[in-house]
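Single-letter residue listing:
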Amino acid sequence: MSLAQISRLSVTQLVLRSQSHHLLSSVYPLIISKRTVIQEPYRRPGQPKENKFPWEKINFDLSKGLKGIKKNFALLKKEFVERWVGPEGKPIIEHMLEQNRVVWEFRGAESLEEWTVSSDREIGGQSEAYVKLGRNNNTCLLYGTLRSTPPRDGETRYSGYCTMRSKQQLASFDRKKHFDWTSFNTLHLRVRGDGRPWMINISCETFFAHQKDDIYNYFLYTRGGPYWQDVKLPFSKFFLTHRGRIQDDQHCLWLDKVNTIGFTLGDKVDGPFQLEIDFIGVCKDYAHTEEFAYEVYKRNPEV
Amino acid sequence: MKCARCLFQLQNLRWFGPCSAVARVRLLQPCPLQMQELRHFHHSRAVLKIRPTAPVEFIEDKEKNKKPIVQDDLFERVAKKNKTKATFNRVVDVFTKQDVRRRGHVEFIYAALKKMPEFGVEKDVTVYNKLLDVFPKEVFIPRNFIQTMFNHYPRQQECGVQLLEQMENYGVMPNVETKVLLLQIFGPKGHPMRKYQRLMYWFPKFKHVNPYPVPLQLPEDPVDLAKFSLNRIADDLDAKITVYQMPCTDLNESGQEITFPHIVGIQSPSQIDLLAKHNPKRPVFVEGPFPLWLKKICVYYYILRADPIPPEEKVEEPYDPERCFDYPLQLDLDLDRDLGDEENFDVEDLDEGPVFAMCMTNHGDQATLNQWISGLQETNPILGHIPTLFRLDSGTRELQVSVDFKPGPNQEHQESKPETEERTAEEVEEQPQIRHSMKQ
């Protein structure tokens, strides 16, 4: 990472600052690495570079093709039909006036298909993270163990994280479908944690290629205990980060094309963790009039 | 220039050291770079010590001929037995006195940063300032715009940034001394100074963002820790804590020492009411241990709960109109809520059954929890008539619920439980008669 990048603050450290946290790797003194000039995706140290052409990576299969045709045409038909009902499949009066919308609720095994769980196993660490349905198939339980011993590849310095991220929603023919939350301004979660500090990541649709890893973050502090916790996070509090580093040029989260939401745990404490989520919804809080919580100062402020 | 203002500010804070009048005059000049006299390259004015510097013992005199290429050895040699802040400071002094040009200071600083946790000084801002003082001053400041553009002295800048990054990792807030040092070493536009500015912008914003803060110093006494954590999870300000047993050791009949663990419980008046209304035919469960993390410590708590009342048995008690005379608690209006006024989410309310009490204990086996239940019985006499089941497995802790509940305590063994990871469930039935005998 370049000097400019590493001199930005790392996001998960701030979680611990107020709680009394590590994201990914911080490359040891390699000042200008190739990864900054052309933004390549993360390549695990030690793995040889794949020199395949993009068309060589697709595998062609007849049964997969047939299944794809069935699925995509069904989605296409649904899209045509729901247009007659109203925008986004809801009657227009509901679309205009709704104040609360439940975006994800975990009632049944198919709700878990929409989520991807990963931990630092991918970079060679030893944490584990699993997701399963909670009791009575009514909630989602994300549990596992964190271990912050960094993998021994010479490059990675910190480790010990796990995340659960929602999958990108797809319309017919694998087009991206975005959430439109412009009529809402608060994220409402019902969770039951064990006292560990989590971080919520929202990623939106971007235009330029190097904005691909732009994520808007905020903290989710759990109280612990047997009672459910209602957490209301206004979208104006989310700050912009890129690859785990808070950026200088902050702007508020644009709600018209939201792609995914995710939960990350990266406090540097080794041990088991669990987080139970009942539902995730968005609502409009008329009492909240703040547009953005962070002022933007000059680019080269005087000392 | 603002850096002169910082220096002046620092003077007013700490200037009681033995300095000559000449030095004082020098400081009041506007810009240090334009001074003609001898410049303090290697020893920042900002870090002048209050007491006169004692001569540092050169333990390495004999080994001066051998160049210490690996800087870690320096730490091992100087601080063999005790690793404290004083010895750490001494190592840094040895290094600074060793060479006027500070050869190898970057490697030394990296090694020192790695060794800090061993010496226990990773959260101390004065130690970081002292380490920052190892850099020679004013050499790395760029003198024109081209040097500023092109990462002047990149390795040193990176080292400075890594030092600040370690401060960020441990949540240490830098102070004005850090700022002055960074100015003198890297100038106002270098990367370390930008990192410092970012630290000073974001840290205060997120310092108080936790709605359930945990104090920096948690109580050491397990009973106090239990009280604190029970208050935290109780979610009710009226809840009362009772210590049913303090930790003590006792001698058995055969002369063996038995340690009694502490038992601390909490219950709020609304929970007492709920328990009083509980149907004695339905059992209550003691479940646990559930983990609760407080910063780096994990404590375990147990709860007493019951299954949710099936809808046919739910009794809707009408509001007592005499409870509140200011306004009516129930209105029989025929108004409809519009779509725009819906304030609740369209999701079914999860009813997991009431939680009647919580407790924390060191050693959570059935005997200890039995003691807790008997202690609870004093305020909740109905517990004597209700069958209590113990579910003490050590797998993933989720509140378990019986899928098919059959009434009657004898049939509890056939309950099907949802799967958990390593389940070693112990379910034991407690008949009400046994409870009475224990009470006596």
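- An unreviewed UniProt entry annotates chain A as Complex I intermediate-associated protein 30, mitochondrial of Periophthalmus magnuspinnatus.
- The UniProt entry for chain A carries the following text under Subcellular location (unreviewed entry): "Mitochondrion".
- The UniProt entry for chain A carries the following text under Sequence similarities (unreviewed entry): "Belongs to the CIA30 family."

### As for the interface of chain B and chain A
Accessible area lost upon the coming together of the parts serves often as the stated size of an interface.
Phase 1: Each partner contributes to the interface: chain B provides 74 residues, whereas chain A provides 78 residues.
Phase 2: Between chain B and chain A, roughly 6900 Å² of surface is buried when both sides are summed, and carbon and sulfur atoms account for 55% of that area.
Phase 3: Along the contact surface separating chain B from chain A lie six salt bridges.
Phase 4: With its nearest N and O atoms 2.5 Å apart, the salt bridge here joins B:Arg198 to A:Asp248.
Phase 5: Inspection of the chain B/chain A interface yields 19 residue pairs in polar contact (both at pLDDT 80 or more).
Phase 6: Elements supplying a minimum of two residues to the side of chain B that touches chain A: α8 (154-169), α9 (176-186), α10 (191-206), α11 (222-234), β5 (284-294), β6 (297-306) and β7 (355-361) of chain B.
Phase 7: Counting residues per element, the side of chain B that touches chain A draws most heavily on α10(B), at 12 residues.
Phase 8: Residue classes in the side of chain B that touches chain A are distributed as 32 nonpolar, 14 polar and 28 charged.

### Things to note about the nonpolar core
Phase 1: Counting residues in hydrophobic clusters, the biggest one holds 92 residues, and the most contacted among them are A:Trp181, A:Phe238, A:Phe239, A:Phe263 and B:Phe108.
Phase 2: The element best represented in this core is helix α5 (residues 105-119) of chain B, accounting for eight residues.
Phase 3: If we skip the residues at most four places from it in the chain, A:Phe239 touches A:Val11, A:Met199, A:Ile215, A:Tyr216, A:Asn217, A:Tyr218, A:Phe219, A:Ile246, A:Gln250, A:Tyr294, B:Trp202 and B:Phe206.
Phase 4: Of all hydrophobic cores here, the second largest spans 20 residues; its members include B:Leu225, B:Leu294, B:Tyr301 and B:Met358.

### Remarks on the sheet that holds strand β12 (residues 258-265) of chain A
Residue and element names in this part refer to chain A.
Phase 1: With antiparallel pairing, seven strands are arranged side by side in an open sheet as β2-β5-β12-β7-β8-β10-β11. Both outer strands of the open sheet, β2 (115-119) and β11 (245-246), are each paired with one neighbouring strand and no more.
Phase 2: Bridge analysis of β2 against strand β5 (residues 162-166) gives five bridges, and the strand direction is antiparallel. In the strand pairing of β5, Ser-118 is matched with Thr-163.

### Focus on the packing of aromatic side chains
Phase 1: Enumeration according to the criterion identifies 33 aromatic pairs over all chains in this entry.
Phase 2: Summarising the aromatic geometry, the rings of A:Phe235 and A:Phe238 are spaced 6.0 Å apart at their centres and angled 40 degrees between planes, so their arrangement reads as tilted. The same class applies to A:Phe235 and to A:Phe238, which are both buried.
Phase 3: Look at A:Phe279 and B:Phe345: their rings are 5.2 Å apart centre to centre, the planes differ by 50 degrees, and that puts the pair in the tilted class. One end of the pair, A:Phe279, is in strand β13 (residues 271-283); the other, B:Phe345, is in the loop between β6 and β7, on a second chain.
Phase 4: Positioned above the aromatic ring of A:Trp228 is the side chain of A:Arg192, whose terminal nitrogen or guanidinium carbon lies 4.4 Å from the ring centre.
Phase 5: The ring centre of B:Phe285 lies 4.2 Å from the NZ or CZ of B:Arg391, which sits over that ring.

### Remarks on the confidence of the model for chain A
Phase 1: This prediction gives chain A a mean pLDDT of 86; 90% of its residues lie at or above 70.
Phase 2: Low pLDDT, under 50, characterises residues 19-34 of chain A; the predicted model gives this stretch 58 contacts beyond four residues in sequence or across chains.

### A look at a negative patch on the surface
Phase 1: Side chains of A:Glu105, B:Asp334, B:Asp336, B:Asp338, B:Asp341, B:Glu342, B:Glu343 and B:Asp346 sit close together on the surface and give a patch of like negative charge.
Phase 2: Structurally, B:Asp334 is set in the loop between β6 and β7.

### Re the pairing of strand β8 (residues 214-221) of chain A
Residue and element names in this part refer to chain A.
Phase 1: When you tally the buried positions in β8, you get seven out of eight residues, the bulk of the element.
Phase 2: Relative to β8, strand β7 (residues 197-204) runs antiparallel, the two sharing six bridges. Within β8, the residue paired with Trp-198 across the bridge is Leu-220.
Phase 3: One ladder, built from four bridges, connects β8 with strand β10 (residues 239-242); its direction is antiparallel. Looking across to β10, one finds that Asn-217 is bridged to Phe-239.

### Things to note about the layout of surface pockets
Residue and element names in this part refer to chain A.
Phase 1: Here the second largest pocket is characterised by a volume of approximately 1200 Å³.
Phase 2: Looking at the second largest pocket, it is lined by 31 residues, and the ones nearest its centre are Lys-78, Glu-82, Glu-88, Gln-169 and Lys-177.
Phase 3: For the lining of the second largest pocket, the elements supplying multiple residues, two or more each, are α4 (62-85) and β1 (100-105).
Phase 4: It is α4 that contributes the most residues to the lining of the second largest pocket, eight residues altogether.

### Digging into the environment of A:Glu98
Residue and element names in this part refer to chain A.
Phase 1: Tracing the backbone through its elements, the reader meets Glu-98 in the loop between α5 (92-97) and β1.
Phase 2: When the C-alpha positions of Glu-98 and Ser-183 are compared, they lie 8.1 Å apart, and in sequence the two are 85 residues distant.
Phase 3: Apart from the residues lying within four places of it in its own chain, the contact partners of Glu-98 are Lys-90 and Phe-184.
Phase 4: Within the structure, Glu-98 has its side chain in polar contact with the side chain of Lys-90 (distance 2.9 Å).
Phase 5: In terms of polar contacts, Glu-98 uses its side chain to reach the side chain of Arg-101, at 2.9 Å.

Rules behind the numbers
- Residues numbered from 1 in each chain as written.
- Chains lettered and ligands numbered in written order.
- Predicted model: local features only at pLDDT ≥ 70, side-chain atom pairs only at ≥ 80, totals over all residues.
- Heavy atoms only, no water.
- UniProt positions renumbered as here; feature names shortened; annotations may be inferred.
- Contact = heavy atoms within 4.5 Å.
- Buried area = accessible area lost by both parts, 1.4 Å probe.
- Salt bridge = Lys/Arg side-chain N within 4 Å of Asp/Glu carboxyl O.
- Polar contact = N/O pair within 3.5 Å; in protein donor to acceptor, adjacent residues only side chain to side chain.
- Helix = DSSP H or I, 4+ residues; strand = E, 2+ residues; numbered from the N terminus.
- Nonpolar A, V, L, I, M, F, W, Y, C, P; charged D, E, K, R; others polar.
- Core = buried A, V, L, I, M, F, W, Y, C linked by side-chain atoms within 4.5 Å.
- Buried < 20%, exposed > 50% of the residue type's maximum accessible area, 1.4 Å probe, protein only.
- Pairing = 2+ DSSP bridges.
- Phe/Tyr/Trp six-rings, centres within 6.5 Å; stacked < 30°, edge-to-face > 60°.
- Lys NZ or Arg CZ within 6 Å of the ring centre and 35° of its normal.
- pLDDT = per-residue confidence, 0-100.
- Patch = residues over 30% accessible without salt bridge, like charges linked within 9 Å, V, L, I, M, F, W, Y side chains within 5 Å.
- Areas by Shrake-Rupley, 256 points an atom, 1.4 Å probe, with all protein chains shown as cover.
- Lys, Arg positive; Asp, Glu negative; His and termini not counted.
- Charge placed at Lys NZ, Arg CZ, Asp CG, Glu CD.
- 1 Å grid on protein atoms, 1.4 Å probe; cavity = no way out; pocket = protein on both sides within 12 Å on 5 of 7 lines; lining within 4 Å.
- Points joined across faces, edges and corners; volume = space filled by probe spheres on them.

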